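# Coordinate analysis (summary)
Spelled out, the chains give:
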Amino acid sequence: MHRLGLIAGALGLTLLATGCGSNAGTTGNASSADGSSSMKGKTIALVGYGSSNPWGAYFNKVFTEQLTSTGVKINDMTTMDPGTQVQKFNQALAQKPDLIVLAILDTQAMVAPIKKAKAAGVPVLAVDGPTDPSVAADVMSVLSDNEVLGEYAAQNIIEGLKAQGRETGNIIVLTGTKSMLVTQDRMKGFNKVMATAPQYRVVDEQDANWDPQLSGTIAQQLLAKHGRDGVQAAYGMADYMALPIIQAAKQAGFPIGKDGLVVTSSNCFKAGIDAVKAGELYGTATEDPGTIAKQSADYTVRFLTGKKPPQSETVKEERVTAANVDQFAEQCSHA
Amino acid sequence: MTAVPVRSGISAVGLVVPLAGLAVLVGLAGTTHRFLSLDNARAILASTAFVGITAIGATLVMIAGSGVSLATSQTATVTAMFFLSTQQYGLVTAVTVAVLTGVALTALQGAVIGYWHANPIVLTIAAGFAIGGATTWFSGGTPVNPEVREFDVLNSTVLGLPVAVYVLLGVTVLAHLTLHRTTAGRQMYLVGSNRTAARAAGLPVGRVTVIAWAFFGACIALTGVFLASFNTSATVTLGGTLTLDAIAAVLVGGTAITGGRGSALQTLGGAVLIAVISDVLLLRGYSTGVQILVKGILVLAAVVAVHLRATRGRR
């Protein structure tokens, strides 16, 4: 059985090597970047989101799978606790890896550790969310385009309200943790696009801390505060925040969907995709962990094989609505 | 079985301070736009339900002198995952599986505390890590997304109120009757008042503790069921801040953390009070951070008040 697995693995690697040989894109296995042999013996410290977070779990899985064939050693130092992340980063630094791959939980708390890494000459690759601007030049990055994700959410709301023939409309917003740059960037994009449609107004914006339970509670209270005639649209920053808004609205007697409350999100999960298909969630956007994990792995290979990738890369995000949901259903269904 | 000792002797200050606080709250609420509306009352009750159900169960544990459980969120999460994973077998089966899971996990902790005198804080911290770790390990961090949605009925409303609110009321009545009309319930007060004396008097301390924790486990599981239904999927972090929210509701209700004193009705009041204050602050435009801060101050005030009452009672 063990031998069979080895043979299958070897066959798989051969197929991948030949199949991806002429593909310079980011969708294949990272070994396609022609770095397998020169990466053996190198070490990466993955100071990423913990696997208790579905987004983090799938990112870690894909990132690790993509790099397995290169022979690079990956030390799993993931966590979902910001304080523990600082400790793990410092531990990683003491091990002097060839690269620290970092998914930041607390932007401010990571400023000093990043400076320490620079002083120690250990390169850092920040993935998904940006670092504090004061240390942005000290790291490499593969970032989600959070501003665009916010823009897509605003486009969904404007499109949905216009489709209902509404000339005015009130919107409530449930954000992720407001102190995070990810949240701030999404709101920046959201507000920019909403400014183009001043007839639609944000009447309440609350910090729901990326918490589904809190999102439901706040939604119940805000919907009661503004009443059925006082809210026409809602933005929950992730699918798992938008879905509690939908349930709260249903329980409060709000119609949902085509002729009712327009609810949008800005990064997709399977439950959100199902809700888009059911006509309850107007739209969402990608920021799926698989795509960014593949691009991060590809960047890692390019860096570790001396190909000098650009200091920062941004992942292309896609807007998802009922019109194109089937196209993104698979991509969005891993978390 | 002897009757539960009724404690009285509340001082004038002990009455004036909470009444003054209540008057301030009523004043603030009455002058808050849209607070006095039927929709808002429904929203307050709806937002009380999830935490309230768990808090009612936690009341029995606290009265029985076992303090608090720090594994509540993890247990709610795992029951939610079991509930969604068994949707294809029908709603009754899925709820039964979830409740049995909650009861088994929690009663086991109660047994270790009741029969082997384990420290509840230490034990439940360990249990929380074990349950949370095992859930992450088995699920691989992947959310449970059921293909069959038998749970939709649990998101429905009756007379404008979510089903969860009726379950909260039912659980409260059941807990109240258990505490005051059953032998085990009365023994919970006695065990909580003085565990050593209860043991010396030949009371079944272990069994009483297990019953309290089993009831608590069923309540956590019901919360998990409603959380899963509301969110339509379950991730490892679904339980969120349930652990501390439930403890806060029990303490604000006036149940003594040292045991022997309190009631399910008081806890219901505590849960509603926290929801009302959060609602008033939200309607007045205060941020989530301010709401959490006020909740913390309220819990502290309640604990101090209960402690002062207990200290005076001993003099």
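Residues numbered from 1 in each chain as written. Chains lettered and ligands numbered in written order. Predicted model: local features only at pLDDT ≥ 70, side-chain atom pairs only at ≥ 80, totals over all residues.

### Comments concerning the overall build of chain B
Cut-off, in case you're wondering: A run of DSSP states H or I qualifies as a helix once it reaches four residues; a run of E qualifies as a strand once it reaches two. Both are numbered from the N-terminal end. For the radius of gyration, the atom set is restricted to C-alpha positions; the globular benchmark scales as 2.2 Å times the number of residues to the power 0.38. Here a residue counts as buried when 20 or more other C-beta atoms sit within 10 Å of its C-beta, as exposed when there are 12 or fewer, and as partly exposed otherwise, the C-beta atoms being derived from the backbone. Here the contact rule is simple: place C-beta atoms from the backbone, and any two residues whose C-beta atoms are within 7 Å are in contact.
From N to C terminus, chain B includes 12 helices and two strands. Mapped from its N terminus to its C terminus, chain B presents α and β elements in the order α-α-α-α-α-β-β-α-α-α-α-α-α-α. A globule of 315 residues ought to have a C-alpha radius of gyration of about 20 Å, and chain B, at 20 Å, matches this closely. In terms of principal-axis extent, the alpha carbons of chain B reach across some 60 × 55 × 30 Å. Burial analysis of chain B (315 residues in total) assigns 51% to the buried set. Residue pairs in contact within chain B that sit at least 24 positions apart in sequence constitute 79% of those at least 6 positions apart.

### Quick word on the overall build of chain A
A tally of helices and strands in chain A yields 12 helices and 12 strands. Among the 335 residues that make up chain A, the fraction classed as buried is 56%. Considering only residue pairs separated by 6 or more positions, chain A has 74% of its internal contacts joining residues 24 or more positions apart.

### Re the environment of B:Tyr166
Residues and elements named next belong to chain B. With respect to the secondary-structure elements, Tyr166 resides in helix H6 (residues 163–181). Sequence separation of Tyr166 and Ala49 is 117 residues, and the distance between their C-alpha atoms is 8.5 Å. Among all residues touching Tyr166, those that are not within four sequence positions of it are Val158 and Leu161.

### Overview of the environment of B:Phe138
Mapping B:Phe138 onto the fold places it in helix H5 (residues 120–139). In the structure, B:Phe138 is positioned 57 residues away from B:Arg195 in sequence and 38 Å away in space, judged by C-alpha atoms.

### Here we look at the interface of chain A and chain B
Where we set the bar: Classification convention: Asp, Glu, Lys, Arg as charged; Ala, Val, Leu, Ile, Met, Phe, Trp, Tyr, Cys, Pro as nonpolar; all other residues, Gly among them, as polar.
With 33 residues of chain A at the interface, the matching set in chain B holds 33 residues. Where the side of chain A that touches chain B is concerned, the elements lending two or more residues are helix H3 (54–68), strand S7 (200–207), helix H8 (212–226), helix H9 (239–251) and helix H10 (270–277) of chain A. The element that contributes the greatest number of residues to the side of chain A that touches chain B is H8(A), accounting for 11 residues. In the side of chain A that touches chain B, the residues fall into 14 nonpolar, 14 polar and five charged.

### A look at the pairing of strand S6 (residues 169–175) of chain A
All names here are of chain A. Here is the rule we go by: When DSSP finds at least two bridges between two strands, those strands are taken to pair. A clockwise path from the first strand over the helix to the second, with the strands pointing away from the viewer, defines a right-handed crossover.
Among the seven residues that make up S6, six are buried, leaving the element largely enclosed by the rest of the structure. Of the strand pairs in this sheet, S6 and S7 are connected by seven bridges, and their pairing is parallel. Each bridged residue has a counterpart across the sheet, and for Ile172 the counterpart in S7 is Asp204. Between the parallel pair S6 and S7, the chain is carried across by helix H7 (residues 181–194), and the sense of this crossover is right-handed. With four bridges joining them, S6 and strand S8 (residues 233–236) adopt parallel strand pairing. Pairing of Ile172 across the sheet is with Ala234, part of S8.

### Regarding the sheet that holds strand S3 (residues 99–102) of chain A
Residues and elements named next belong to chain A. Note the cut-off: Axis geometry follows a simple rule: fit a line to the C-alpha atoms, using only the stretch in contact for helices, then measure angles between N-to-C directions, giving values from 0 to 180 degrees.
Pairing is parallel across the open sheet formed by six strands, whose spatial order is S2-S1-S3-S4-S5-S11. Where the open sheet ends on each side, the last strands, each with one partner, are strand S2 (73–76) and strand S11 (312–314). Within the sheet, the average angular offset between the axes of one strand and its neighbour, ignoring direction, is 15 degrees. Pairing between strand S1 (residues 43–47) and S2: four bridges, direction parallel. From the neighbouring strand, Ile44 faces S2, where its bridge partner is Ile74.

### Digging into H10(A)
All names here are of chain A. Taken across its eight residues, H10 has seven buried, putting it largely inside the fold. Of all the positions in H10, only Lys270, Ala271, Gly272, Ile273, Asp274, Ala275 and Val276 are classed as buried. On its buried side, H10 packs onto H9, strand S10 (283–285), strand S12 (319–321) and helix H12 (325–328). Two residues or fewer past H10, Gly279 is found with a positive phi of approximately 80 degrees.

### Describing helix H2 (residues 38–63) of chain B
All names here are of chain B. The cut-off we apply is this: A residue's bend is simply the angle between two axes: one fitted to the seven residues ending at it, one to the seven starting at it.
Along H2, the sharpest change in direction is near 45 degrees and occurs at Ala49. With 22 of 26 residues buried, H2 lies mostly within the body of the structure. Backbone geometry just downstream of H2 places Gly65 in the positive-phi region, at approximately 85 degrees.

### Looking at the packing of H8(A) against H9(A)
All names here are of chain A. What counts here: Under this scheme an angle from 65 to 115 degrees is roughly perpendicular, one under 35 degrees roughly parallel, and one over 145 degrees roughly antiparallel; angles in between are oblique. Should the near helix be turned counterclockwise from the far one by less than a right angle, the crossing is left-handed, whereas a clockwise turn marks it as right-handed.
Contact geometry of H8 with H9 gives a least axis separation of 8 Å together with a crossing angle of 40 degrees. Here H8 is positioned oblique relative to H9, judged by the angle of their axes. The two elements H8 and H9 meet at a crossing, and its hand is right-handed. From H8, Pro212, Ser215, Gly216, Ala219, Gln220 and Leu223 reach across to H9, where they touch Tyr240, Met241, Pro244, Ile245, Gln247, Ala248 and Ala249. Within the contact of H8 with H9, the residues separate by chemical class into nine nonpolar, four polar and no charged.

### Regarding the nonpolar core
Worth spelling out the cut-off: Remark: nonpolar core denotes a set of buried Ala, Val, Leu, Ile, Met, Phe, Trp, Tyr and Cys residues whose joining runs through C-beta atoms within 7 Å. These domain limits were set by an automatic method or by a database of domain assignments.
Membership of the largest hydrophobic core comes to 188 residues, with the highest contact counts inside it found for A:Ile100, A:Leu102, A:Ile157, B:Leu60, B:Ala80 and B:Ala212. With 19 residues, the single largest contributor to this core is helix H9 (residues 205–231) of chain B. Two domains share this core, each providing at least three of its residues, namely domain 1 (2–17 + 24–144 + 288–304) and domain 2 (146–285) of chain A. The residues contacting A:Ile157, other than those within four sequence positions of it, are A:Ile171, A:Tyr200, A:Ala233, A:Tyr235, A:Val262 and A:Thr264.

### Looking at unusual backbone geometry
Note on backbone geometry: most residues besides glycine have negative phi, and most peptide bonds are trans. All names here are of chain A. Even without being glycine, Asn209 reaches a positive phi, approximately 55 degrees. Residue placement: Asn209 occurs in the loop between S7 and H8. Here the phi dihedral of Trp210 falls at roughly 60 degrees; this positive angle occurs in a residue that is not glycine. Mapped onto the fold, Trp210 is located in the loop between S7 and H8.

### Details of the confidence of the model for chain A
Cut-off, in case you're wondering: As a per-residue measure, pLDDT tells how confident the predictor is, with possible values from 0 to 100.
Looking at chain A, the pLDDT average stands at 88 and 89% of residues meet or exceed 70. This stretch, residues 1–28 of chain A, has a pLDDT under 50; its non-local contacts, to residues over four places away or in other chains, come to 15 contacts.

### Structural notes on the UniProt feature "domain: Periplasmic binding protein" (unreviewed entry) in chain A
Here is the rule we go by: UniProt positions are given in the numbering used here, feature names are shortened, and annotations may be inferred rather than shown by experiment.
UniProt records the feature "domain: Periplasmic binding protein" (unreviewed entry) at residues 44–308 of chain A, using the numbering of this structure. When the span residues 44–308 of chain A is considered, its composition is 46% helix and 17% strand, and the gap between its end C-alpha atoms is 17 Å.

### A few points about the pairing of strand S5 (residues 140–143) of chain A
All names here are of chain A. Relative to S5, strand S4 (residues 124–128) is paired through four bridges, and the arrangement is parallel. Within S5, the residue paired with Ala126 across the bridge is Ser141. Bridge analysis of S5 against S11 gives three bridges, and the strand direction is parallel. Residue pairing in the sheet places Leu143 in a bridge with Thr314 of S11.

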